[in-house]
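Listed here are the chains, written in short residue letters.
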Amino acid sequence: MLKVENINVYYDNIHVIKNLSFDVNDGEIVTLIGANGAGKSTTLKTISGILRPKTGNIVFENEEIQSLAPHKIVSKGLVQVPEGRRMFQNLTVEENLEMGAYTLPKGEIPDMIEDIFARFPRLKERRKQVAGTLSGGEQQMLAMGRGLMSRPKLLMLDEPSMGLAPLLVDQVFDIISEMHAAGVTILLVEQNASMALQVADRGYVLETGKIALYGSGKELSESEQVKKAYLGG
Amino acid sequence: MSTFSLIIKQIINGLQLGSIFALVAVGYSMVYGIIRLLNFAHCDIIMVGAYIAWFFMANFANMPLIAVAASILGCTLLGVTIEKVAYKPLRSSPRISLLITAIGISYLLENTAQLMLGAAAKKVPGFFTVETIRIGQVTVSTASLVTIAVLAISMVLLTLLVQKTKLGRAMRAVSEDAETAQLMGTNINGTISFTFAVGSALAGIGSVLYCCAYPQVSPTMGSMLGLKAFVAAVLGGIGSIPGAMIGGFMIGLTEVFVSAIGLSTWKDAVVFLILIIILLVKPSGILGKTVSEKV
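This is a predicted model, so every value here is computed, not measured.

What counts and how
- Residues numbered from 1 in each chain as written.
- Chains lettered and ligands numbered in written order.
- Predicted model: local features only at pLDDT ≥ 70, side-chain atom pairs only at ≥ 80, totals over all residues.
- Heavy atoms only, no water.
- Helix = DSSP H or I, 4+ residues; strand = E, 2+ residues; numbered from the N terminus.
- Rg over C-alpha atoms; globule rule 2.2 N^0.38 Å.
- Areas by Shrake-Rupley, 256 points an atom, 1.4 Å probe, with all protein chains shown as cover.
- Lys, Arg positive; Asp, Glu negative; His and termini not counted.
- Charge placed at Lys NZ, Arg CZ, Asp CG, Glu CD.
- Contact = heavy atoms within 4.5 Å.
- Pairing = 2+ DSSP bridges.
- Buried < 20%, exposed > 50% of the residue type's maximum accessible area, 1.4 Å probe, protein only.
- Axes fitted to C-alpha atoms, helices over the stretch in contact; angles between N-to-C directions.
- Parallel < 35°, antiparallel > 145°, perpendicular 65-115°, else oblique.
- Left-handed = near helix turned anticlockwise from the far one by under 90°.
- Nonpolar A, V, L, I, M, F, W, Y, C, P; charged D, E, K, R; others polar.
- Phe/Tyr/Trp six-rings, centres within 6.5 Å; stacked < 30°, edge-to-face > 60°.
- Lys NZ or Arg CZ within 6 Å of the ring centre and 35° of its normal.
- Core = buried A, V, L, I, M, F, W, Y, C linked by side-chain atoms within 4.5 Å.

Engineer: In this structure, what is going on with the overall build of chain B? I would like to understand it.
Structural biologist: A tally of helices and strands in chain B yields 11 helices and 4 strands. On C-alpha atoms alone, chain B measures out to a radius of gyration of 19 Å, which is about the 19 Å that the 2.2 N^0.38 rule sets for 295 residues. Counting only C-alpha atoms, chain B reaches 60 × 45 × 35 Å along its principal axes. Summed over its atoms, the accessible surface of chain B is roughly 13400 Å², and 71% of this surface lies on carbon and sulfur atoms. Within chain B, one finds 18 positive and 10 negative side-chain charges whose respective centroids are separated by 6 Å.

Engineer: Help me out: how do you make sense of the overall build of chain A in this one?
Structural biologist: The helix and strand tally for chain A stands at 10 helices and 10 strands. Its C-alpha radius of gyration of 17 Å places chain A within 12% of the 17 Å reference for a compact globule of 233 residues. Within chain A, contacts between residues separated by at least 24 positions form 65% of all contacts whose residues are at least 6 apart in sequence. When the accessible area of chain A is evaluated, it comes to approximately 10000 Å², of which 48% is carbon and sulfur surface. For chain A, the centre of its 25 positive side-chain charges and the centre of its 29 negative side-chain charges are spaced 5 Å apart.

Engineer: What am I meant to see in the sheet that holds strand β5 (residues 63-64) of chain A here?
Structural biologist: Strands belonging to one sheet form pairs held by backbone hydrogen bonds; the direction of such a pair is parallel or antiparallel. Strands sit in the order β2-β1-β4-β5 (chain A) across an open sheet of 4 strands; the sheet is antiparallel. Each having just a single partner strand, β2 (14-24) and β5 of chain A make up the two edges of the open sheet.

Engineer: So what exactly am I meant to see when it comes to unusual backbone geometry here?
Structural biologist: All names here are of chain A. Even without a glycine there, the phi angle at Asn19 is positive, about 50°. Relative to the elements of secondary structure, Asn19 occurs in strand β2. In this model, Glu61 sits at a positive phi of 45°, which is unusual for a non-glycine residue. Locating Glu61 in the fold gives a position in the loop between β4 (55-60) and β5. Looking at Glu61, the relative accessible area reads 38%, which means it is partly exposed.

Engineer: Can you help me understand the packing of helix α3 (residues 93-100) of chain A against helix α4 (residues 109-119) of chain A in this one?
Structural biologist: A pair of packed helices can be characterised by two numbers: the angle between their axes and the separation between those axes. All names here are of chain A. In the contact formed by α3 and α4, the axes pass within 10 Å of each other and the chain directions differ by 120°. Relative to α4, the element α3 is oriented oblique. The chirality of how α3 crosses α4 is right-handed. Counting all contacts with α3, which are made through Val93, Glu94, Leu97 and Glu98, the residues of α4 involved are Ile109, Ile113, Ile116 and Phe117. Taken together, the residues of the contact of α3 with α4 break down into 6 nonpolar, no polar and 2 charged.

Engineer: Which parts of the structure should I look at to understand the packing of aromatic side chains?
Structural biologist: What characterises a pair of aromatic rings is the spacing of the ring centres plus the angle enclosed by the ring planes. Tallied over the full model, the rule gives 9 aromatic pairs over all chains. Note on Phe22(A) and Tyr204(A): the rings are 5.5 Å apart at their centroids and 55° apart in plane angle, and the pair reads as tilted. Of the two residues, Phe22(A) is situated in strand β2 and Tyr204(A) in strand β9 (residues 202-207); the sequence distance between them amounts to 182 residues. Each member of the pair, Phe22(A) as well as Tyr204(A), is classed as buried. Centroid distance Phe55(B) to Phe56(B): 5.5 Å. Interplanar angle 85°. Geometry classified as edge-to-face. Connected via pairs of aromatic rings, a cluster forms that spans Phe22(A), Tyr204(A) and Tyr214(A). The residue whose ring lies beneath Lys54(A) is Tyr10(A), and the NZ or CZ to ring-centre distance is 4.5 Å.

Engineer: Got a minute to help me understand the sheet that holds strand β8 (residues 185-190) of chain A in this structure?
Structural biologist: Residues and elements named next belong to chain A. Taken in spatial order, the 6 strands of this open sheet run β6-β7-β8-β3-β9-β10, and their pairing is mixed. Pairing within the sheet leaves two strands with one partner each, and these edge strands are β6 (78-81) and β10 (210-216). Pairwise comparison of adjacent strand axes, ignoring direction, gives a mean angle of 15° for this sheet. Each of β3 (29-33), β6, β7 (154-158), β8 and β9 is contacted by helix α1 (residues 40-48), which is oriented at about 145° to β7, the strand it contacts most. The strands that helix α7 (residues 166-181) touches are β3, β7 and β8; relative to β8, the one it contacts most, it runs at about 155°.

Engineer: For this particular structure, what's the right way to read the nonpolar core?
Structural biologist: Generally speaking, a soluble globular protein has its nonpolar side chains buried in company with each other. Residues and elements named next belong to chain B. Core analysis: the largest hydrophobic core is formed by 81 residues, its most contacted members being Val26, Ile82, Tyr87 and Leu158. If you tally residues by element for this core, the top one is helix α1 (residues 3-35), at 13 residues. The residues touching Leu158, leaving out its near neighbours within four places in the chain, are Val26, Met30, Val198, Leu202 and Ile241.

Put into structure tokens, the structure is as follows:
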């Protein structure tokens, strides 16, 4: 479904992503794990078109997308929930969700919003509140709800568990599994490697812009190298 | 005339002048909100709008509505073109480059106008016959009432646009966090163009109202008007649309009352004194929010 082929990404002169290749098949949960600064967020930003690879291709559903504008990529069903939730603080909960559905025809939006509210009842209670007044957990629910509003085929989640209390982390991962069960393919970037590898079909370990290791979720969570570096074992 | 009716009359004059400042200030504020640029070319867009109005009124005096429409349309096209040609290529450059470019565009417009049309001021024929109406002891000119009414209608429409439409929501989202708005599928360049179009159309309306109040045009007419509107935008809180309106009215009223008490030579100084005070006391302005810089 998504194929990243030998991409190289630079920030000015700094070579951040080096010949990176990986793929995500239809219906999978794939995770990219790695330490801070390994290039995980950069990879997602490049796929979304915010950053441009200097060389290499990104293919989504048999179409090269590496030179498309970000909004064109979203309208193809490849959507990112950015790191740190990034709510529009001055917009209401409902308006944030409407922003998520920017590429959908207007008539479908009210039904989609009701779907999201059914999934996240807390958001319904707060629909007219501005997003800046929500708690961290509620903001993460809103961020994921907003990502779902565009009916993505592939949803990329950047550190959805970051900064959340353990109970909420479990909740976030439950929602990821639910979304997956509902037919959304997921590319999950996480520092919380143990949780990510539990839900993932396959995983890639990113180190300084390169794939250091890959395998099924189970294989990686049992690998000595991963245990030592990322699972605190 | 009693002191009371004199005060009422001055308030109406202040609101008329304030309406013009407000229309221009809203344009400054909207553009600042979306690309964090003090668009110094904005004041010269008004000058061009006024020249367009003058041209049509001088040649087709019996069709004032055509002149108004041409002026608004001309300003809109000019604003969007300036953004596309001069600002868009600098989207990822340091903000200071953008600011310097804006100042450059401002000089370019002023000097082109001077070259083509001469430095001398030209008289703009009246758009409609201005009459004075008596309400009790107070006499007001229809020009004042029309100006205030046009501002009120413009602001209601603008508020509906920004608060209730999809494009308005996109404008607010882009001004808060452009990258995330892109990730939601917003066409950021389209949204920025649209913002310039709306801000410049308001400048077009402002230029016509300005010509109603002071019926002459010159290549540098925009600079003082633009500076004062800029003070109004800062006073109200730059980036805030209601703030720009409040700031516009406050600057308009201040000017009129300073003149009314016999200090008309001091009126510009007082306006800039307000700028200095607001920058010292509350740099975010009346309705502005102090936002911490994102890292």
